[in-house]
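Secondary and tertiary structure notes
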Amino acid sequence: MKVAYITNSSRNLGGATKALLQLIEKLAEKGVEPIIILPDSNGIYHELKEKGIKVYALEYRMNIYPPLRGIKDLLFFIPRSVGRYYLTRKAASRLAGILKSNGVQLVHANTSVEEIGRLAAEHLKIPHVYHVREYADKDFGMHYIPSKSYIHAKMRGGNTICITKGIQHYHGLDRLRGAKGKSLVVYDGVLPVQDEPQYSDAGTYFLFAGRVEAAKGLDFLLRGYSQYAKSVQSPLPLKIAGGLNRKEYLAELQDYVRVNGLEQSVEFLGPRSDIFDLMRGAKAIIVASSFEGFGFCTAEAMFNGCLVIGRDLTGTNEQFDNGLKMHGKEIGLRYKTTDELARILQEVDTSSDDKYLEMKKRAFATVNTLYTSGHSAQQVYEFYKSILMGRE
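Since the model is a prediction, treat every value here as computed from it, not as a measurement.

1. Observations regarding the packing of helix H1 (residues 15-28) against helix H16 (residues 373-389)
Put simply, H1 and H16 touch, their axes get as near as 9 Å, and they point 70 degrees apart. When the interaxial angle is binned, H1 and H16 end up roughly perpendicular. Helix-helix and strand crossings are classified by hand; for H1 and H16 the assignment is right-handed. Touching Gln22, Leu23, Lys26 and Leu27 of H1 are Ser373, Gly374, Ser376, Ala377, Val380, Tyr381 and Tyr384, all from H16. Class assignment for the residues of the contact of H1 with H16 results in six nonpolar, four polar and one charged.

2. Regarding the side chain of Glu213
Within the secondary structure layout, Glu213 lies in the loop between strand S8 (206-209) and helix H9 (218-231). Glu213 gets classed as buried once you look at its relative accessible area, which sits at 9%. With sequence-adjacent residues up to four places away left out, Glu213 is seen in contact with Phe140, Leu218, Asn245 and Tyr249.

3. Some points on H1
Between its terminal C-alpha atoms H1 stretches 20 Å, which fits the 20 Å expected from 14 residues at 1.5 Å a residue. Those residues of H1 not exposed but buried are Thr17, Ala19, Leu20, Leu21, Gln22, Leu23, Ile24 and Leu27. On its buried face, H1 sits against strand S1 (2-6), strand S2 (33-38), helix H2 (45-50), strand S4 (106-109), helix H12 (296-303) and H16.

4. Focus on the sheet that holds strand S12 (residues 308-311)
The parallel open sheet is built from six strands, whose spatial order is S10-S9-S8-S11-S12-S13. Looking at the sheet topology across the chains shown, the edges are occupied by strand S10 (266-270) and strand S13 (333-335). Ignoring strand direction, the axes of neighbouring strands in this sheet form an average angle of 25 degrees. In terms of strand pairing, S8 meets strand S9 (residues 238-241) through four bridges, oriented parallel. Of the residues in S9, the one forming a bridge with Phe208 is Ile240. Sheet contacts for helix H14 (residues 338-349): S8, strand S11 (284-287), S12 and S13; angle to S13, the most-contacted strand, approximately 155 degrees.

5. With respect to the sheet that holds strand S3 (residues 54-57)
Backbone hydrogen bonds hold the strands of a sheet together, and the pairing may be parallel or antiparallel. Spatial ordering of the open sheet is given by S3-S2-S1-S4-S5-S6-S7, a layout of seven strands whose pairing is parallel. One side of each edge strand has no neighbouring strand; the edge strands of this open sheet are S3 and strand S7 (182-185). On average, each strand axis in the sheet is inclined to that of its neighbour by 20 degrees, with strand direction left out of account. Sitting on the sheet, H16 touches S1, S4, strand S5 (128-132), strand S6 (159-162) and S7, and the angle it makes with S7 is about 170 degrees.

Reading the values: the criteria
Residues numbered from 1 in each chain as written. Predicted model: local features only at pLDDT ≥ 70, side-chain atom pairs only at ≥ 80, totals over all residues. Heavy atoms only, no water. Axes fitted to C-alpha atoms, helices over the stretch in contact; angles between N-to-C directions. Helix = DSSP H or I, 4+ residues; strand = E, 2+ residues; numbered from the N terminus. Parallel < 35°, antiparallel > 145°, perpendicular 65-115°, else oblique. Left-handed = near helix turned anticlockwise from the far one by under 90°. Contact = heavy atoms within 4.5 Å. Nonpolar A, V, L, I, M, F, W, Y, C, P; charged D, E, K, R; others polar. Buried < 20%, exposed > 50% of the residue type's maximum accessible area, 1.4 Å probe, protein only. Expected span 1.5 Å × (residues − 1). Pairing = 2+ DSSP bridges.

Here it is as structure tokens:
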């Protein structure tokens, strides 16, 4: 089975890319031959080449309208939008040639904000799958070209894999009665099955892991952390590990840190390749997104025996609820307001060494059952087979 995977980024630290690499490795064991399409020859391009995986770099952009952050963006909005439209069609035409020459049987877009795969697949009359990983407008402020209703119609008439029940419901893909399309919820495969980690409560800091952008709720987190820091004599420091999307947003956060006297407590580490080590050394990881798709770093932390303090919304809520259903007890500490976050941080800071040990064990058992790469790949593989069988 030859499958082409279309990505929206070559960055190797993003959750979507990590999930894709885990997926194709396990699917290859089942006889799936992957062909990867990237928007440039950076990031994972050379890593894939070295592994002997066929990879192509085409010039294309996400299928969303350009941002509007000032007068310049407003002036160039129409020409940029038109440019993206034509760039997408040009890339789709080139992609169709690649798919045909390689005998590709199915096209798998790794996010919902890519259209070149669907356009090329329709031209060649082969199946296409959207891997819906985002709310798009709610989490990242993205707006589909030409419209949300148009893309939703394409999703409902096609094949979709959604990374949570919440995302499936938001896009109207959980109610496809009478529609031609198929939709399946498959949680991301974060890691292969793991041995149980060594648990430690000797962490000396709180950790945030993820892109430094508004969608990840860092401003919300800092407000809660500031309340906590003012309530204790020696607050545990907060380490923020993640790359930038906008320097302006980082400047806003740094201003808040300075104004509130947190310079000695908050550290911006930038992107890190040792994130698992940071998780193992943390007292807890804090997840603050209001519209988290799945929460890749949440599951990674649980795999590494790290306590999770999570905002009780969307993907984080779904992960917590899955664990609660499995064990009858919580697998993380939930909060919704900055006051609740501050209180939990204080409680965790002053907790005994073994207070949250059983919770962390339940968390590990949950992710090591539901979010392994093997489990995810098996579900995707069966979905592929059902799609291809439906064409016979």
